[in-house]
Amino acid sequence: SWTASDIIDQQVEAIRKTVGPHQVICGLSGGVDSAVAAALVHRAVGDQLTCVFVDHGLLRKGEVEQVKHDFVQATGIKLIAIDASQDFLTALKGVTEPERKRKIIGEKFIRTFEKAARQVVAQAGEKGEEVRFLVQGTLYPDVVESGGGDGAANIKSHHNVGGLPADLGFTLVEPLRTLFKDEVRAIGTELGLPDEIVWRQPFPGPGLGIRIIGEITQARLDLLREADAIAREELTKAGLDRDIWQCPVVLLADVHSVGVQGDERTYGSPIVLRPVSSEDAMTADWSRLPYDVLSAISTRITNECRGVNRVVLDVTSKPPATIEWE
Ligand code: XMP
């Protein structure tokens, strides 16, 4: 049976062997996987590592600040933050098909990492050399769902696996590629990461982009970001954060239904709540949330999010549905 410290020792040695004396960058998403991958690589090669946090404009409320503060404070790892939101939004204009969204986001991530790599080289001055290695927090389930497992079908292209461009200019370092989330959390704790990072609920790399069903626009992102913040706030207030695996909040942007608010007819879009419980995200069940929590979320979202006049609950397990809608 494995222990977290055995895996850490093994991986640290493997990473040192692969990377040698070279510079490495790590794409940080704010989630537990990339944070643990970064902490492992940092233990292995120290200052040769620079983390890159890309703000693709598809993040949730407060996420940029959280990563900048929490992660850097906890680990002391060098961090470059890049605001690429306009770039991503432009590339995604008019796109509605889920796999195309995923491929575009995956490619844009890499192009942004390349930009960051040039920045790392420039900052190193004369002794600066090319950055050859990119660390990713890819887990075993990401590989399987992207069709990388033994004979597995492509269910959806996770941004850091099936969504990668063909002309990838980096060698990938993926120390978590054979692991499941619970193992990754154990390793994170063993490496001294704080609970706020280790126990964060999963959030997909493509972010809110795959939770807007339809075209991604700034206005729709703003709306969904608000609804998501409300749902998270109420779930936290009810003390349910560790009971559920995650709760995607989805905007059915092209669906409209009739409502009434203050004597006025409304014609707005529904928000879907998708609370799930799961062990490893390979299968999941819908969470039986208390009615009063659902009610509080619904009331607040319809009151506070202009353009949303209905909140619905997704009561499907995985399979046959997946956790995310796209
Ligand atoms: P699905 O929707 O496939 O999701 O049931 C399983 C778990 O993976 C997360 N997810 C992703 N994570 N990049 C990620 O880093 C992705 O492209 C991606 N797609 C889905 C999802 O939130 C759930 O926890």
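Everything quoted here is computed from the prediction, not taken from an experiment.

Rules and cut-offs
- Residues numbered from 1 in each chain as written.
- Predicted model: local features only at pLDDT ≥ 70, side-chain atom pairs only at ≥ 80, totals over all residues.
- UniProt positions renumbered as here; feature names shortened; annotations may be inferred.
- Helix = DSSP H or I, 4+ residues; strand = E, 2+ residues; numbered from the N terminus.
- Contact = placed C-beta atoms within 7 Å.
- Buried ≥ 20, exposed ≤ 12 C-beta atoms within 10 Å, placed from the backbone.
- Pairing = 2+ DSSP bridges.
- Right-handed = clockwise from strand over helix to strand, strands pointing away.
- Axes fitted to C-alpha atoms, helices over the stretch in contact; angles between N-to-C directions.
- Domains from an automatic or database assignment.
- Nonpolar A, V, L, I, M, F, W, Y, C, P; charged D, E, K, R; others polar.
- Parallel < 35°, antiparallel > 145°, perpendicular 65-115°, else oblique.
- Left-handed = near helix turned anticlockwise from the far one by under 90°.
- Near = placed C-beta within 6 Å.
- Arc of directions from axis to C-beta.
- Core = buried A, V, L, I, M, F, W, Y, C linked by C-beta atoms within 7 Å.

### Here's the deal with the UniProt feature "binding site: ATP" (unreviewed entry) in the protein chain
Logical step 1: Under the feature "binding site: ATP" (unreviewed entry), the UniProt entry names Ser-29, Gly-30, Gly-31, Val-32, Asp-33, Ser-34 and Ala-35.
Logical step 2: Secondary-structure assignment places Gly-31 in the loop between strand S1 (24-28) and helix H2 (32-45).
Logical step 3: Structurally, Asp-33 is set in helix H2.
Logical step 4: Those residues within four positions of Asp-33 in sequence are excluded, and the remaining contacts are Gly-137, Leu-139, Leu-176 and Val-184.

### A look at the pairing of strand S2 (residues 49-55)
Logical step 1: With six of its seven residues buried, S2 lies for the most part within the structure.
Logical step 2: Inspection of the sheet shows S1 paired to S2 by five bridges, in the parallel sense. Residue pairing in the sheet places Cys-26 in a bridge with Cys-51 of S2.
Logical step 3: The handedness of the S1 to S2 crossover, carried by H2, is right-handed.
Logical step 4: Viewed along the sheet, the connection from S2 through helix H3 (residues 63-75) into strand S3 (residues 78-83) turns out right-handed.

### Here we look at the pairing of S3
Logical step 1: Note: S2 against S3, six bridges, orientation parallel. Bridge pairing in S3 links Asp-55 to Asp-83.

### Brief notes about the sheet that holds strand S5 (residues 171-173)
Logical step 1: One open sheet accounts for five strands, arranged S3-S2-S1-S4-S5; its pairing is parallel. Two strands lie at the open edges of the sheet, namely S3 and S5, each paired on one side alone. Along the sheet, successive strands turn relative to each other by an average axial angle of 30°, direction set aside.
Logical step 2: Packed onto the sheet, H3 meets S1, S2 and S3 and runs at close to 175° relative to S3.
Logical step 3: Helix H5 (residues 98-124) contacts S1, S2, S3 and strand S4 (133-135) of the sheet and is inclined by roughly 140° relative to S1.

### A few points about the domain arrangement of the protein chain
Logical step 1: Its domain assignment divides the protein chain into domain 1 (4-198) and domain 2 (211-313).
Logical step 2: Placing a centre on the C-alpha atoms of domain 1 and another on those of domain 2 gives a separation of 28 Å.
Logical step 3: Class assignment for the residues of the side of domain 1 that touches domain 2 results in six nonpolar, three polar and three charged.

### Brief notes about the packing of helix H9 (residues 218-237) against helix H10 (residues 291-304)
Logical step 1: At their nearest, the axes of H9 and H10 sit 9 Å apart, and the two run at 150° to each other. The angle between the axes of H9 and H10 places the two elements in the roughly antiparallel class. Pair H9 / H10 crosses with right-handed handedness. Every residue of H10 that contacts H9 at Glu-226, Ala-227, Ile-230, Ala-231, Glu-234 and Leu-235 is listed here: Val-293, Ala-296, Ile-297, Arg-300, Ile-301 and Glu-304.
Logical step 2: Looking at the contact of H9 with H10, its residues break down into eight nonpolar, no polar and four charged.

### Thoughts on the site of the ligand
Logical step 1: Around the ligand sit 14 residues, and of these Pro-202, Pro-204, Thr-322, Ile-323 and Glu-324 come closest.
Logical step 2: Its residues placed into classes, the shell around the ligand shows five nonpolar, five polar and four charged.

### Observations regarding helix H7 (residues 181-190)
Three- or four-residue spacings in an α-helix give side chains the same orientation, since the helix completes a turn every 3.6 residues.
Logical step 1: Of the residues making up H7, those classed as buried are Lys-181, Val-184, Arg-185, Ile-187 and Gly-188. For H7, the buried positions fall inside an angular range of 165° around the axis, keeping them on one side.
Logical step 2: The elements touched by buried residues of H7 are helix H1 (4-19), H2 and helix H8 (195-198).

### Describing the nonpolar core
Logical step 1: Counting 73 residues, the largest nonpolar core has Val-24, Ile-25, Cys-26, Val-36, Ala-38, Val-41 and Ala-227 as the members making the most contacts within it.
Logical step 2: Ranked by residue count, the leading element in this core is H2, at 10 residues.
Logical step 3: Each of two domains, domain 1 (4-198) and domain 2 (211-313), supplies a minimum of three residues to this core.
Logical step 4: Setting aside chain neighbours within four positions, we find Cys-26 in contact with Ser-34, Ala-37, Ala-38, Val-41, Leu-49, Cys-51, Val-52 and Val-135.

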